[in-house]
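# Structure at a glance
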Amino acid sequence: MLPPEVAHNLSIWALKSNLIPAQRIYKHQKLEQKLFGLSFDNPVGLAAGFDKNAECIENLVEQNFGFLEFGTVTPVPQAGNDKPRIFRLKEYDAVINRMGFPNKGLELFSQKLRQWKYTGINSRKTIIGANIGKNKLTADISSDYISCMEKIYGLCDYITVNISSPNTPGLRELQKKDNLKQLLSDIKSKKKEISTKYKGNLPVLLKISPDESEESLADIADIVVKKKIDGVIISNTTINPELMNDVSSAGAVYTGGLSGRPVFGLSTEIIRKFYQMTEGKVPIIGVGGVFSAEDAYVKIKAGASLVQLYTGLVYKGFGLVNEINEGLVKLLVKDGFSNISEAVGRDVR
Ligand SMILES: Cc1cc2nc3c(=O)[nH]c(=O)nc-3n(C[C@H](O)[C@H](O)[C@H](O)COP(=O)(O)O)c2cc1C
């Protein structure tokens, strides 16, 4: 009933204030996987953008996700676009947002990660990812991503290089061949430099848009394989004109990125293509319109090893996490799989 951003801020506040009850622990051996050197208890993660400032790590850990992704964080704090900038499209189970990376900046973000790492009292252990981006006014391709890496190295389990938000002008240009090559080369050399210094490995994932042409997707796949990127998150929100048009028929036309049920088919199709192009060698995290165990299973069979949720949580709440995990176990049993990894890419192979 509340305006979307008010509701969002209220839920962040409620989490921070311990007003949201913990979910019961649900574990099953069929759901456990090891990917990019990390052991996942279950395949259901929180997508980036929900907790942009990593303010509620402790409370989100209690919601029983297999992994949590915080951010997008940018080096310098920024206000984002003017409000209103989030719109609910209830009849479509969808959201349109044009937030533009509002966040409190890298300093505070890294403090929160450090606090959790060294003083977190929650006994549940969850994989923590940091989604990094660039400030609106930064022209340089790599510098903001490199600053973020330097600051949060050692404080999280993986980083996601976000080059696919439609709400930061020019960001999606980084998905183009030459830009992407340069960005990923810079990131890889930084990673090498820091990992020698700290003797650790930090998996690097890339988050892409669902609006890439076949040719552009093939370029991305090729570069990801050549640069040995650990995994790919597919996908961010869409600005696909047909899908935008479909949901606009209800009335207002909003600019921004569309998420939720309408993006399910498109993002799943990109997962399928990417899995084929990389012959299943690059782990994929599937995001976009997951509202049930069946939805998650479709993404997994199309090639995703893990899934993430955002809009599904808006409409169904945190109970969705256990609902999906329990449902997945039933689906795996029905199909005779002893572990979820056997189902990955089954519809494509
Ligand atoms: C309000 C809102 C804010 C978002 N902010 C971010 C963000 O900061 N970084 C990012 O990588 N994705 C962001 N996303 C995209 C989601 O992480 C996800 O990729 C997308 O919404 C598709 O999944 P869904 O259909 O489950 O929501 C945002 C999505 C929404 C709805």
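Further up the page is the structure itself.
Let me sum up the structure you'll find in this document.

Cut-offs and rules
Residues numbered from 1 in each chain as written. Predicted model: local features only at pLDDT ≥ 70, side-chain atom pairs only at ≥ 80, totals over all residues. Near = placed C-beta within 6 Å. Helix = DSSP H or I, 4+ residues; strand = E, 2+ residues; numbered from the N terminus. Buried ≥ 20, exposed ≤ 12 C-beta atoms within 10 Å, placed from the backbone. Pairing = 2+ DSSP bridges. Right-handed = clockwise from strand over helix to strand, strands pointing away. Axes fitted to C-alpha atoms, helices over the stretch in contact; angles between N-to-C directions. Contact = placed C-beta atoms within 7 Å.

So, on to the site of the ligand. For the ligand, the set of nearby residues contains 27 residues, the closest of which are Ala 47, Gly 49, Ser 259, Tyr 310 and Thr 311. Counting only elements with at least two residues in the shell around the ligand, the list comes to strand 6 (94-97), strand 11 (257-260) and helix 10 (311-316).

Of all six residues making up strand 7 (residues 127-132), six are buried, and the element is well covered by its neighbours. The alternating pattern of strand 7 places Ile 127, Gly 129 and Asn 131 and Ile 128, Ala 130 and Ile 132 on opposite faces, both of which are buried. By the bridge criterion, four bridges tie strand 7 to strand 8 (residues 158-162) in an arrangement that is parallel. By the bridge assignment for strand 8, Asn 131 is matched with Thr 160. A crossover connection joins strand 7 to the parallel strand 8 through helix 4 (residues 143-152); in handedness this β-α-β unit is right-handed.

A separate point is the sheet that holds strand 7. With parallel pairing, eight strands are arranged side by side around a closed barrel as 3-4-7-8-9-10-12-13. Taken over all neighbouring pairs, the strand axes of this sheet differ in orientation by 25° on average, direction set aside. Sheet analysis places strand 8 next to strand 9 (residues 204-208), joined by four bridges and oriented parallel. If you follow Val 161 over to strand 9, its bridge partner there is Leu 206.

Attention shifts here to the environment of Pro 4. Within the secondary structure, Pro 4 sits in helix 1 (residues 4-16). Considered as a pair, Pro 4 and Lys 227 are 223 residues apart in the sequence and their alpha carbons are 39 Å apart. Once residues lying within four places of it in the same chain are set aside, the contact partners of Pro 4 are Ile 86, Phe 87 and Arg 88.

Taken in spatial order, the three strands line up as 5-6-11 in an open sheet, and their pairing is antiparallel. Looking at the sheet topology across the chains shown, the edges are occupied by strand 5 (86-89) and strand 11. Within the sheet, the average angular offset between the axes of one strand and its neighbour, ignoring direction, is 25°. Alignment of strand 6 against strand 11, held across four bridges, turns out to be antiparallel. Looking across to strand 11, one finds that Asn 97 is bridged to Gly 257.

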